[in-house]
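# Commentary on secondary and tertiary structure
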Amino acid sequence: MAKSTLSFVCQNCGAAYNRWQGKCESCGEWNTLAEEDTSGSVPVSIRSKRKGRTFALESLSGKTQGAPRLSSGMAEFDRVTGGGFVRGSVLLVGGDPGIGKSTLLTQATSMMARAGHRAVYISGEEAVAQVRLRAERLGLADAPVQLASETSVEDIVSTLSEGAVPRLIVIDSIQTMWTDTVESAPGTVTQVRASAQALIRFAKKTGATIILVGHVTKDGQIAGPRVVEHMVDAVLSFEGEGSQQFRILRSAKNRFGATDEIGVFEMTGLGLREVTNPSELFLSERDLGSPGTAVFAGIEGTRPVLVELQALVAPTSLGTPRRAVVGWDPSRLSMVLAVLEAHCGVKLSGHDVYLNVAGGLRIQEPAADMAAAAALVSSLVNAPLPTDAVYFGEISLSGAIRPVAQTPARLKEATKLGFGRAILPESARGEPGGDAGLALNSIGNLATLVAEIAARGTPRGNRGTARADPGTPRGDPGAGSADPAEKNATPARFRRDIG
Ligand code: TYD
Ligand code: MG
């Protein structure tokens, strides 16, 4: 072994320093430097001064024996990987402790094994008996999975090099693995990186698919080495609210598929059950008829998903009002609030605002703007929105509602789930799908939407809040008009109410 070289390595991003310091200059994290022996982190074979061998260069159009994908036996898992496991690919699955990573992968390996493929499950965290216990509970004890409790990468690689090439290998977890080639302790960045490298080499050489389980730190990053994320072909995260049954598998990076697909599962007493129609699940606990909730017709990847947005707008007792959002982008919320204030006369600077996406889903689409705005205004004026309506549309800074993609798919899903009308951007009118059986209410401007909702409102004074305005309800409670002339048509009562 070469003489030891001690460095201080950031356990978050992998940057190395000669001296200890409080803050990592590379990623900005505090207190993440730990002393590690990095002398062997470059494999001996690379360090030696051997003469390079020559290799053949290929053309792009050459024939490659198909990139066959193999189904995991779970349609929701396949959806996220882009249609199954690609030969020789390495996936990293991250998630909070106890979220169900081991359960998911035990189920996937069992399905593969039952389909006649060699599937191996290596646990570095649990004893064989514990893994067996879980399999028994899942009713999978009879699946011919090859199981071991091991942590040495060299031993694993030599064992798996014998016999038929395994089709799927699960390593649970990469943080528990260690390799002889480096001297740092297991779990350190150097070790995790070197172990991952060795396993990735094995996958590329043999064509086996390897799934690495990665732990997630308190702030939601895959613990330690972000570097592993760059080395693997796909990074999937398994998410869910602790109190809820839903689990969502999402891909953050995928060299062989789209990254916006989600797989939805439900944790039951018998393991993870696939949820083929997530909208039904997300809407199953709807609070019908209460103010502040709007159903958003969204798209996750290729699939439409209906989900409820819940808002609470309440007078604040703080100097700086609170803005809290779960499941949506906080800066998007700030933008919607600013547009409401600037173009619709809705003053929210004296109110705390809370916004929540029901069911633990995380929405990234700008199309959710209109549903969020509807929920916020509905809560502010204490006016329940129609229970049979779905909302979608992007709000521009000028207050205009901009059209969004895949309108027909959104409308079709809403019809399927029994909704009667859609509040949508103006130019989506007449698009195919308009005959989906829904009444379409196209809105050109956010002010129109605000006016329509305000017209349904009951005075807040009745609820004993700070607002004392007795209000005269507007003559026309029918929220059907989409007259562009109504731009900035916030009713006088409403202006006073919220001013
Ligand atoms: P596990 O897969 O061990 O989580 P991870 O590997 O991500 O740490 O799952 C642990 C949780 O899942 C545990 O709290 C119990 C729950 N669970 C069920 O509800 N049903 C089941 O059938 C199984 C196996 C686990
Ligand atoms: Mg586990």
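Residues numbered from 1 in each chain as written. Chains lettered and ligands numbered in written order. Predicted model: local features only at pLDDT ≥ 70, side-chain atom pairs only at ≥ 80, totals over all residues. Heavy atoms only, no water.

### Considering the overall build of the chain
Check the secondary structure of the chain and you find 13 helices and 23 strands. For the chain, with 499 residues in total, the buried portion stands at 51%. The long-range fraction of contacts in the chain, counting pairs at least 24 apart against all pairs at least 6 apart in sequence, stands at 68%. For the chain, the computed accessible surface area is about 22500 Å², with 53% contributed by carbon and sulfur atoms. (Helix = DSSP H or I, 4+ residues; strand = E, 2+ residues; numbered from the N terminus. Buried < 20%, exposed > 50% of the residue type's maximum accessible area, 1.4 Å probe, protein only. Contact = heavy atoms within 4.5 Å. Areas by Shrake-Rupley, 256 points an atom, 1.4 Å probe, with all protein chains shown as cover.)

### Re the site of ligand 1
Taken together, 16 residues lie near ligand 1, and Gly98, Lys101, Ser102, Thr103 and Gly271 sit nearest. Measuring from an oxygen atom of ligand 1, one finds a side-chain N or O atom of arginine 134 at 3.0 Å. Protein chains shield 72% of the accessible area of ligand 1, which is 560 Å² for the free molecule. Of all the secondary structure elements, the ones that give two or more residues to the shell around ligand 1 are α3 (101–114), α4 (128–137) and β13 (262–268). Top contributing element to the shell around ligand 1 by residue count: α3, with 3 residues. For the shell around ligand 1, the per-class residue count stands at 5 nonpolar, 7 polar and 4 charged. (Near = heavy atom within 4 Å. Polar contact = N/O pair within 3.5 Å; in protein donor to acceptor, adjacent residues only side chain to side chain. Nonpolar A, V, L, I, M, F, W, Y, C, P; charged D, E, K, R; others polar.)

### Overview of the sheet that holds strand β19 (residues 389–391)
The 7 strands lie next to each other as β17-β18-β16-β15-β19-β22-β23, forming an open sheet whose pairing is mixed. Every interior strand has two partners, whereas the edge strands, β17 (323–326) and β23 (439–443), have only one. On average, adjacent strands in this sheet sit at an angle of 25° to one another, irrespective of strand direction. Alignment of strand β15 (residues 293–300) against β19, held across 2 bridges, turns out to be parallel. For valine 295, the partnering residue across the bridge sits in β19 and is valine 390. Running over the sheet, helix α11 (residues 407–416) touches β15, β16 (303–315), β19, β22 (421–425) and β23 and is turned about 125° from β15. Against the sheet, helix α12 (residues 446–455) touches β19, β22 and β23, its axis set at about 125° to β23. (Pairing = 2+ DSSP bridges. Axes fitted to C-alpha atoms, helices over the stretch in contact; angles between N-to-C directions.)

### Looking at the side chain of threonine 81
In this structure, threonine 81 sits in helix α2 (residues 75–81). Threonine 81 has contacts with Arg69, Leu91, Leu236, Asn254 and Phe256, leaving out every residue within four places of it along the chain.

### As for the nonpolar core
Counting residues in hydrophobic clusters, the biggest one holds 67 residues, and the most contacted among them are Leu340, Leu376 and Leu446. At 9 residues, the largest contribution of residues to this core is made by helix α10 (residues 369–380). Two domains each provide a minimum of three residues to this core, namely domain 2 (70–276) and domain 3 (281–497). With near-sequence residues (within four places) excluded, leucine 376 lies in contact with Ala311, Val313, Leu333, Val336, Leu337, Leu340, Val353 and Leu355. (Core = buried A, V, L, I, M, F, W, Y, C linked by side-chain atoms within 4.5 Å. Domains from an automatic or database assignment.)

### What about helix α5 (residues 153–161)?
An α-helix turns once every 3.6 residues. As a result, residues three or four positions apart point the same way. Here α5 has its buried residues at Val153, Ile156 and Leu160. Projection of α5 onto a plane perpendicular to its axis shows the buried side chains occupying an angular sector of 60°, all on one side. Turning to α5, the residues buried within the fold contact β7 (119–123), β9 (168–172) and α6 (189–206). (Arc of directions from axis to C-beta.)

### Side note on the packing of helix α9 (residues 330–344) against α12
In helix packing, the relevant descriptors are the interaxial angle and the interaxial distance, both defined with respect to the helix axes. Orientation of α9 relative to α12, taken along the N-to-C sense of each, is 85°, at an axis distance of 10 Å. As summarised for this structure, α9 and α12 are arranged roughly perpendicular, according to the angle between their axes. Residues Val339, Leu340, His343 and Cys344 of α9 lie in contact with α12, whose contacting residues are Leu446, Ala447 and Val450. The residue inventory of the contact of α9 with α12, partitioned by class, reads 6 nonpolar, 1 polar and no charged. (Parallel < 35°, antiparallel > 145°, perpendicular 65-115°, else oblique.)

### Things to note about the pattern of salt bridges
Side chains that carry opposite charge are capable of pairing whenever their charged atoms lie near each other. Going through the model one piece at a time under the given rule, you end up with 17 salt bridges. Glutamate 239 is the partner of arginine 250 in a salt bridge, and the nearest nitrogen-oxygen pair spans 3.5 Å. Taken together, the positions of arginine 250 in strand β12 (residues 246–254) and glutamate 239 in strand β11 (residues 234–239) put the pair 11 residues apart, joining distant regions of the chain. (Salt bridge = Lys/Arg side-chain N within 4 Å of Asp/Glu carboxyl O.)

### Re the confidence of the model for the chain
The pLDDT averaged across the chain works out to 83; a share of 83% of its residues lies at or above 70. When mean pLDDT is taken per element in the chain, strand β20 (residues 394–395) scores highest with 96 and helix α13 (residues 492–498) scores lowest with 40. Confidence drops under pLDDT 50 across residues 461–499; counting only partners more than four residues distant or on other chains, this segment forms 64 contacts. (pLDDT = per-residue confidence, 0-100.)

### Remarks on unusual backbone geometry
Cis geometry marks the peptide bond from aspartate 172 to serine 173, where omega comes out at 5°. On the secondary structure map, serine 173 appears in the loop between β9 and α6. With phi around 60°, asparagine 31 is a residue other than glycine that occupies positive phi space. For asparagine 31, a relative accessible area of 62% corresponds to the exposed category. Here the phi dihedral of asparagine 382 falls at roughly 60°; this positive angle occurs in a residue that is not glycine. Note on placement: asparagine 382 falls in the loop between α10 and β19.

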